[in-house]
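# Per-entry structural report
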Amino acid sequence: MIRKKRRTASISGRRHEWINHPGCKCRRTTGEVQRRCVLSKRRRLSSDLELGAGDGPWWSSVADGWSLFKAFCDNTALHGLRYITAEGMPIVHRLMWVATCFAGLLGAGWLIWSIWLRYATSPTVTMVQDTSYPLYHIPFPAVTVCSVNKVLRSEAVKFVEEYTGKNSSSEEAARYLAVVGALGLMSYPTYHRPFQFFQYNMSGRPLLSDVNVTELMLRVMPSCTDIFVACFWKGMEIDCCERFLVQRTEEGFCYSFNSRTAETRWNESLLRNNAAGATTGLEVFFKGQAGQAIDGLDILRGINVHIHHPDSYPDVAKGLFVPEAPSHVMMAQVSPSQTVSTEEVRAIDLSMRRCYFPGEGHIYGLPVDTYQQDSCFMACRMHFLAKACNCTPYFFPRTIGMRECAAVDLECLSMNNAATRSNKPPNGTPGFHPEESALDCECMPPCTATQYSVESNYIQTGNLESKRGKGYVDVFFKQMGGVRYRNDVMFGWMDLLVSFGGIAGLFLGFSLLSGAELLYWIFAGFAVCVKLKRERRKGVRALLMPRCSWLFNMTKRRSLARSPQPPQKRSSSTSTRDDFIAINSGEQNSYF
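Note that this is a predicted model, so its numbers are computed, not measured.

Looking only at helices and strands, the chain features 18 helices and 16 strands. Out of the 592 residues belonging to the chain, those deemed buried represent 45%. Of the contacts made within the chain by residues no fewer than 6 positions apart, 73% connect residues no fewer than 24 positions apart. With the model as given, the accessible surface of the chain reaches about 31,700 Å², and the carbon-plus-sulfur share is 56%.

If you want it as structure tokens, here you go:
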């Protein structure tokens with residue numbers, strides 16, 4: 001029998017007796033013999049769902065959680081959950097549905113994780129958009145011509161005689177002449193060559209330390225008329241010295257055609273061509289330079305040709321060597337391709353798309369208007385040498401506060417020559433030693449760029465024009481169209497949402513409304529549990545509060561409708577009366 005707790009209070013001049021009971025809260029007037037108590041259906045349902053009234057906090061929490069889960073399973077639209085908690089369901093059937101739902105959850109999770117990995121590791125995809133992209137939409141590549149011999153003997157002799165005031169045949173003038181020739185050997189990726197020369201002539205290293213190396217090399221370099229014999233563009237002869245402008249390269253000072261990175265900016269629009277095949281592009285005939293090399297320097301006789309993007313500095317490590325040989329031609333067949341990235345790619349994080357959009361990539365130290373990867377690597381090598389040797393070679397643009405490398409700095413350039421040839425990979429990459437000296441450049445390609453693939457073929461030719469000079473190069477488009485690629489997102493947020501939703505719907509019957517429903521039950525259940533604990537501390541039966549019990553009443557009502565329970569036999573003991581709520585005539589309990 002449940003023990004009742006009594007207390008008295010005076011309300012409106014009348015003495016009342018309050019009875020607190022786990023099932024009801026009643027009031028009766030002192031002296032009354034009969035207690036009029038009514039147990040409504042609503043109160044009965046709430047009473048049936050009481051959670052661990054006499055148990056400890058742990059058991060009470062478990063009971064609350066199970067009741068909330070059961071209510072969710074009975075009302076949710078997710079497939080299979082209502083069979084797990086259905087009334088009267090055999091245990092074997094319950095286990096079968098638990099295994100089925102768990103297998104569906106694992107399958108959906110595995111597929112969703114696989115799609116997410118594909119999105120995270122390769123968020124973009126490059127596809128061929130056009131295999132015959134018109135050539136007139138693509139600029140003709142820049143062609144940079146560099147003489148292998150950077151110092152003309154005749155010009156170097158004039159400089160030495162003016163600088164020393166002595167005849168070039170003297171021993172002292174010969175030493176200065178050798179230093180000028182060694183400075184002409186300074187180039188990437190062979191910075192060690194001039195230092196090897198000075199190892200046999202160490203007394204010449206301190207010489208010319210007060211000379212501006214840039215002005216010196218511009219003075220002694222071969223002029224335009226010393227290199228070119230004739231030039232043809234689209235079959236028509238043009239003025240070589242008007243079209244080829246002085247160009248800074250890591251090989252020294254050269255001459256460039258159709259380049260925006262030349263010392264004298266190209267003010268006209270970039271030249272284009274709409275033809276393919278030999279002699280339809282740029283033809284250049286070169287002079288020979290026999291007898292113009294300084295004695296003691298092992299220099300090949302010929303021309304280096306670099307084909308690159310008009311907005312980029314040339315990568316001198318990829319050039320074509322054209323030797324001095326009449327009746328021979330270096331045929332350079334250019335296959336252009338263009339990659340265009342959509343605006344959806346810009347929304348992807350830079351570390352994932354691995355390319356720069358306009359305004360993102362910056363090249364410090366080079367006067368360029370458009371970001372190009374080759375120019376970025378050139379600037380990176382410049383900053384590396386400036387930090388390692390406290391100077392930069394003469395062919396780099398001058399940076400504020402940075403001096404030019406003189407003959408005394410050739411040893412430092414030679415020691416760091418190997419480090420300038422490679423870029424450091426990410427840490428932990430197999431096949432690389434962690435202590436290897438290399439550049440640390442963040443030079444990603446542009447997201448929208450034009451590339452020029454070159455195929456060369458050095459052959460003998462019967463072209464009579466080739467006899468006009470000692471070298472002949474013919475640069476032309478290989479085919480009448482280029483290849484255009486489109487870089488787009490593999491999975492956008494919309495595609496990702498559709499993929500996840502399709503998998504969740506296929507395996508679990510899950511949708512956005514199901515997700516909203518799950519959140520709703522979580523927050524509503526949390527509010528119920530908080531209210532339960534708060535009311536238990538006060539010693540009042542929590543589920544008697546309508547605002548706390550409505551969530552369970554709805555579930556229990558559905559359960560009773562499906563499987564009605566037989567009426568329970570009432571006891572004649574005094575505790576039976578405690579299952580009723582005493583109500584005075586004309587008075588309603590305030591909790592209803």
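That covers the picture; the talk isn't over yet.
This paragraph deals with the state of the cysteines. Scanning all chains against the criterion turns up 8 disulfides. For Cys 376, the disulfide goes to Cys 443, at an S-S distance of 2.1 Å. The sign of the -75° torsion about the S-S bond sets the Cys 376-Cys 443 disulfide as left-handed. Taken together, the residues Cys 376 in helix H13 (residues 373–389) and Cys 443 in the loop between helix H14 (410–415) and strand S14 (449–460) connect sequence positions 67 residues apart. We classify Cys 376 as buried; its relative accessible area is 9%. Note on Cys 73: no disulfide assigned, nearest cysteine sulfur contributed by Cys 101 at a separation of 8.4 Å. The exposure class assigned to Cys 73 is buried, which follows from its relative accessible area of 0%.

The next point concerns the packing of helix H5 (residues 153–164) against helix H8 (residues 213–220). It is the contact of H5 with H8, at a shortest axis distance of 8 Å, that shows an interaxial angle of 135°. With respect to their mutual orientation, H5 and H8 come out oblique. Taken together, the residues of H8 that come into contact with H5 (itself represented by Glu 155, Ala 156, Lys 158, Phe 159 and Glu 162) are Leu 216, Arg 219 and Val 220. Taken together, the residues of the contact of H5 with H8 sort by class into 4 nonpolar, no polar and 4 charged.

Glancing now at the sheet that holds strand S5 (residues 142–147). Judged by pairing direction, the sheet is antiparallel, and its 5 strands sit side by side in the order S8-S9-S5-S11-S12 without closing on themselves. Strands with a single pairing partner mark the edges of an open sheet, and in this sheet they are strand S8 (244–249) and strand S12 (320–323). The mean angle between the axes of side-by-side strands here comes to 35°, regardless of whether they run parallel or antiparallel.

Any segment with low pLDDT has predicted coordinates that should not be analysed in fine detail. Scored by pLDDT, the chain comes out at a mean of 77, with 75% of its residues at no less than 70. Ranking the helices and strands of the chain by mean pLDDT puts S5 first, with 96, and helix H1 (residues 41–48) last, with 38.

Next up on the list: the pairing of strand S9 (residues 252–257). Within S9, 6 of the 6 residues are buried, which leaves the element mostly enclosed by the surrounding structure. Relative to S9, S8 is paired through 6 bridges, and the arrangement is antiparallel. Counted as the bridge partner of Phe 244 is Phe 257 from S9. Following S8, the chain reverses through 2 residues before pairing antiparallel with S9.

We describe a pair of aromatic rings using the distance from one ring centre to the other and the angle between the two ring planes. For the structure shown, the criterion picks out 16 aromatic pairs. When the ring of Phe 140 is compared with that of Phe 477, the centres are 5.4 Å apart and the planes differ by 70°; the resulting orientation is edge-to-face. Separated by 337 residues along the polypeptide, Phe 140 in the loop between strand S4 (124–134) and S5 and Phe 477 in strand S15 (residues 471–477) bring together distant segments of the chain. Here the two residues Phe 140 and Phe 477 agree in accessibility, since each one is buried. An angle of 35° between the planes, with centres 5.5 Å apart, marks the rings of Phe 244 and Phe 257 as tilted. Taken as a pair, Phe 244 in strand S8 and Phe 257 in strand S9 lie far apart in primary sequence, 13 residues in all. Judged by relative accessible area, Phe 257 falls into the buried class, the value being 0%.

What follows is about the pairing of strand S16 (residues 481–489). Of the pairings in the sheet, the one linking S4 to S16 comprises 8 bridges and is antiparallel in character. When the sheet's bridge partners are listed, Asp 130 is paired in S16 with Arg 484. Examined bridge by bridge, strand S13 (residues 328–341) and S16 share 5 bridges and lie parallel to one another. Its bridge partner lying in S16, Thr 339 is registered against Tyr 485.

Our next topic: the packing of H5 against helix H6 (residues 171–183). Two numbers describe how H5 lies on H6: the axes approach to 9 Å, and their chain directions differ by 130°. Looking at the two axes, H5 sits oblique to H6. The two elements H5 and H6 cross, and the hand of that crossing is right-handed. Along its contact with H5, which presents Arg 153, Ala 156, Val 157, Phe 159, Val 160, Tyr 163 and Thr 164, the element H6 presents Ala 173, Tyr 176, Leu 177 and Val 180. The class makeup of the residues in the contact of H5 with H6 is 9 nonpolar, 1 polar and 1 charged.

Okay, unusual backbone geometry next. With an omega of 5°, the peptide bond between Tyr 188 and Pro 189 qualifies as cis. Tracing the backbone through its elements, the reader meets Pro 189 in the loop between H6 and helix H7 (192–199). Look at Ser 327: it is not a glycine, yet its phi comes out positive at around 65°. Counting through the fold element by element, Ser 327 comes out in the loop between S12 and S13. In this model, Arg 354 sits at a positive phi of 60°, which is unusual for a non-glycine residue. Given the relative accessible area of 47%, Arg 354 is considered partly exposed.

One pass over the full model with this rule turns up 13 salt bridges. The shortest N-O distance in the salt bridge between Glu 251 and Lys 150 comes to 3.0 Å. Linking Glu 251 in the loop between S8 and S9 with Lys 150 in the loop between S5 and H5, this pair joins segments that are 101 residues apart in sequence. When the shortest N-O distance is used, the salt bridge between Glu 250 and Arg 381 registers 2.7 Å. Residue Glu 250 is located in the loop between S8 and S9, and its partner Arg 381 is located in helix H13; the two are separated by 131 residues in the primary sequence. Taking relative accessible area as the criterion, Arg 381 reaches 7% and is therefore assigned buried.

Where nonpolar side chains cluster on the molecular surface, the patch consists of Trp 113, Trp 116, Leu 117 and Trp 493 and spans about 490 Å² of accessible area. Among the elements that line the nonpolar patch, the one with the most residues is helix H4 (residues 91–121), at 3 residues. Locating Trp 116 in the fold gives a position in helix H4.

Rules and cut-offs
- Residues numbered from 1 in each chain as written.
- Predicted model: local features only at pLDDT ≥ 70, side-chain atom pairs only at ≥ 80, totals over all residues.
- Heavy atoms only, no water.
- Helix = DSSP H or I, 4+ residues; strand = E, 2+ residues; numbered from the N terminus.
- Buried < 20%, exposed > 50% of the residue type's maximum accessible area, 1.4 Å probe, protein only.
- Contact = heavy atoms within 4.5 Å.
- Areas by Shrake-Rupley, 256 points an atom, 1.4 Å probe, with all protein chains shown as cover.
- Disulfide = S-S within 2.5 Å.
- Axes fitted to C-alpha atoms, helices over the stretch in contact; angles between N-to-C directions.
- Parallel < 35°, antiparallel > 145°, perpendicular 65-115°, else oblique.
- Nonpolar A, V, L, I, M, F, W, Y, C, P; charged D, E, K, R; others polar.
- Pairing = 2+ DSSP bridges.
- pLDDT = per-residue confidence, 0-100.
- Phe/Tyr/Trp six-rings, centres within 6.5 Å; stacked < 30°, edge-to-face > 60°.
- Left-handed = near helix turned anticlockwise from the far one by under 90°.
- Salt bridge = Lys/Arg side-chain N within 4 Å of Asp/Glu carboxyl O.
- Patch = residues over 30% accessible without salt bridge, like charges linked within 9 Å, V, L, I, M, F, W, Y side chains within 5 Å.

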